[in-house]
Amino acid sequence: MPKLYYGEEAERKILENTKQNIFDYMDASTKDIEDFTAMTYYGGEISYKELKENIFKYANTLKRYGLEKGDTITLCLPNVPEVVYYKYAAWLLGIKTHLVDPRFNPEGILELTNKSHSSLFVSVIDAFSVKIAPIIDRLNVENVVLVAPSDSMKVERIRDAKNVLAKALYSYKEFELYLKELTFREEKVLLNRDFLKFAKSNRVVSVYEENMPATIVFTSGTTGTPKGPVLSHDSYNIKVNQIDYGVPNIQRGDKFLAVIPFFAAYGSYAGMANSLKKGMNMYMIPKFIPQEFGDLICRYQIQTAIGVPMYWEKFAHDWPNLQKKYNLDDLSFLKNPVSGGDVVSPEVTEKCNQTFKDNNSEAKFIVGYGSSETAGPVATTVNNDEYSDDLTTGIFFPGIKHIFLDPETHKVVEGATSGELALHDPGMMLGYLDADEETEEITVNYNGEKYYNMGDLFSINEKGMLYFGGRTKRVIMRPDGHTVHAFPIEKSILEDEDVENVCAVGLKKKDNSSGTIPVAFVVLKDGVEPSEELVKRLDTRALFNLSERNRAMAYTFVQELPYSLMGKIAYKELEKITLEDLDLYVVDHTFIDKDYARALKKQ
């Protein structure tokens, strides 16, 4: 039996005061620091007092529009202050928030919104003409509210963002004029400021019931078919308490870099809810550019930041230049460098930790593991020499129980120390939305409790240290930590009349950098030759059926695919190929150097 690292007392503490509304949990813990900054947005500071006043304004507006406990609103927003206001306002009233990635294509946004049974849809104004207008008549909501990125900018406090502010304000005015010319039935589309026209900041009494649903986060699941984990108020509060152990070095007033989007599980729970409950100052980054991760940390002297391994790898590499650029003495300000979304190589961990140590920081790289179904992280590495190991994924949070399943039969193997991991977490999801069968598929009943099959292979040693062994499903982890499923890519490509067969896999680069690149190996029908026109056609279909981040980033054409003795495509053989060894048609150069991988070639 592995050692219980945190002890039995910790298992009791994570449940303390969690049976309450998420807003109340945050409100109670920050009552004595309402003059502290809750969010910094383009140089403007929003205090905890202002935060709560705005939450009440939004809550009173939602009530005015007839929304009440049990209803659902869809938030298709980047990390702007409004997403925080809408979330907490809805939670106050017992309304569920359905979170959608604004980068999805219009049909994807439509499908997920209608699946959620939402009454209200909130999006950014600059996505209206491209993403919302094409589906407006099919959105089964009563109102569409459009937020402008400039809505929460405080002009008098802007220093270095004048150009950004001016651009946003002009964009806002242009959209206002455009919207006035549109004729939607019953004024279905509203600007956010008009939606809030009569808002009052009168305090609203919260609603709470045990296991009351709070959030729906649609995930592509194991097959790429969208599933909506439903998380409760209890889930959020328990997760915040568990993170006290996984990331213990947090103080009120610390700066948190909010680049992980709040529409994602990790960003919503470990990012937003955790930061606000603990009195941190969230630096809101609505349009994050991965190459600027290190700049943001150094410019604002951030204490806690969450990023995928690729971001931290680049940060360590760029540190000498960043130090000069921002005239920094050292990295003593950095306390919690957290990584999630992909396995971290020992080389990256060693490089980062050495960079921190050499520059007067006591920080140690914190690696996390979790899922949407478990309300975010379930384990992190710990800053303890006895448990120092660059290969481990960490130690389970208090309250989490595990079992191992046989990867072939999916049956519990008593006493096993390795296999397919299944977890019982007191903060895990209530189930998938309107999908009892899918929920049952991943549920393992053991000793009177429910465990969820994580779909990953792990081992655990006598100290309780976890080691990742691979994935049981065909998923591709991009360098930015985004999970791409092979099946939907293949299904989309196979719809083309010129395609005979296809296999999508993730390929590593020769430099062994973090993550893999989604590449489609395509077999064409007799007489068909690869062409720029064909690749563009396949990619256009992928963008329509999937989304920009869920498609293949490159195509390669082969005469045949490898097969196993059992007659199945031997995709693991393809995964052994490195990216640079292929003749590629590249449709997305985000992670592919143009020096060695060509764009769509001219015939």
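For clarity, every value in this text was computed on a predicted model and none was experimentally measured. (Residues numbered from 1 in each chain as written. Predicted model: local features only at pLDDT ≥ 70, side-chain atom pairs only at ≥ 80, totals over all residues. Heavy atoms only, no water.)

(A) Highlighting the nonpolar core. One finds Leu 51, Val 84, Tyr 86, Tyr 88 and Leu 276 to be the most contacted residues of the largest nonpolar core, which totals 88 residues. Take this core: its biggest share by element is nine residues, from helix 4 (residues 81-92). Among all residues touching Tyr 86, those that are not within four sequence positions of it are Tyr 58, Ile 73, Leu 75, Thr 97, Leu 120, Val 122, Val 145, Val 147, Asn 192 and Phe 195. Listed in part, the 48 residues of the second largest apolar core include Val 348, Cys 352, Val 505 and Phe 521. (Core = buried A, V, L, I, M, F, W, Y, C linked by side-chain atoms within 4.5 Å. Buried < 20%, exposed > 50% of the residue type's maximum accessible area, 1.4 Å probe, protein only. Helix = DSSP H or I, 4+ residues; strand = E, 2+ residues; numbered from the N terminus. Contact = heavy atoms within 4.5 Å.)

(B) Main features of the packing of aromatic side chains. Taken as a whole, this structure holds 25 aromatic pairs when the rule is applied. Look at Tyr 58 and Tyr 85: their rings are 5.4 Å apart centre to centre, the planes differ by 40°, and that puts the pair in the tilted class. Of this pair, Tyr 58 sits in helix 3 (residues 48-64) while Tyr 85 sits in helix 4, placing them 27 residues apart in sequence. Seen in terms of ring centroids, Tyr 88 and Trp 91 are 5.1 Å apart; in terms of plane orientation they differ by 75°. Their pairing is edge-to-face. (Phe/Tyr/Trp six-rings, centres within 6.5 Å; stacked < 30°, edge-to-face > 60°.)

(C) Expanded view of the sheet that holds strand 27 (residues 554-557). Strands sit in the order 25-26-27-28 across an open sheet of four strands; the sheet is mixed. Sheet topology places strand 25 (499-507) and strand 28 (585-586) at the edges, where each strand pairs with a single neighbour. Set on the sheet, helix 15 (residues 486-494) makes contact with strand 25, strand 26 (517-524) and strand 27; between it and strand 25 the angle comes to about 155°. Sheet strands in contact with helix 16 (residues 532-545) are strand 25, strand 26, strand 27 and strand 28, and its direction is about 130° off that of strand 27. (Pairing = 2+ DSSP bridges. Axes fitted to C-alpha atoms, helices over the stretch in contact; angles between N-to-C directions.)

(D) Representation of the packing of helix 4 against helix 10 (residues 265-277). Between helix 4 and helix 10, the least distance of the axes is 12 Å, while the angle of their chain directions is 80°. By the criterion of interaxial angle, the relationship of helix 4 to helix 10 is roughly perpendicular. For the pair formed by helix 4 and helix 10, the contact residues are Val 84, Lys 87, Tyr 88 and Trp 91 on the first element and Ser 268, Met 272, Ala 273 and Leu 276 on the second. Tallied by class, residues from the contact of helix 4 with helix 10 come to six nonpolar, one polar and one charged. (Parallel < 35°, antiparallel > 145°, perpendicular 65-115°, else oblique. Nonpolar A, V, L, I, M, F, W, Y, C, P; charged D, E, K, R; others polar.)

(E) View of the side chain of Thr 304. Mapped onto the elements of the fold, Thr 304 is located in strand 12 (residues 304-307). On the basis of relative accessible area, Thr 304 is assigned to the buried category, the value being 4%. If near-sequence neighbours (up to four positions away) are discounted, Thr 304 is found in contact with Ile 250, Lys 255, Phe 256, Leu 257, Met 280 and Asn 336.

(F) Quick peek at the packing of helix 11 (residues 293-300) against helix 12 (residues 309-325). In contact at an axis separation of 8 Å, helix 11 and helix 12 are set at 50° when each is read in the N-to-C sense. Relative to helix 12, the element helix 11 is oriented oblique. For the pair helix 11 and helix 12, the sense of crossing is right-handed. For the pair helix 11 and helix 12, contact is made by Phe 293, Gly 294, Asp 295, Ile 297 and Cys 298 and by Tyr 311, Trp 312, Phe 315, Trp 319, Leu 322 and Lys 325, respectively. The residue inventory of the contact of helix 11 with helix 12, partitioned by class, reads eight nonpolar, one polar and two charged. (Left-handed = near helix turned anticlockwise from the far one by under 90°.)

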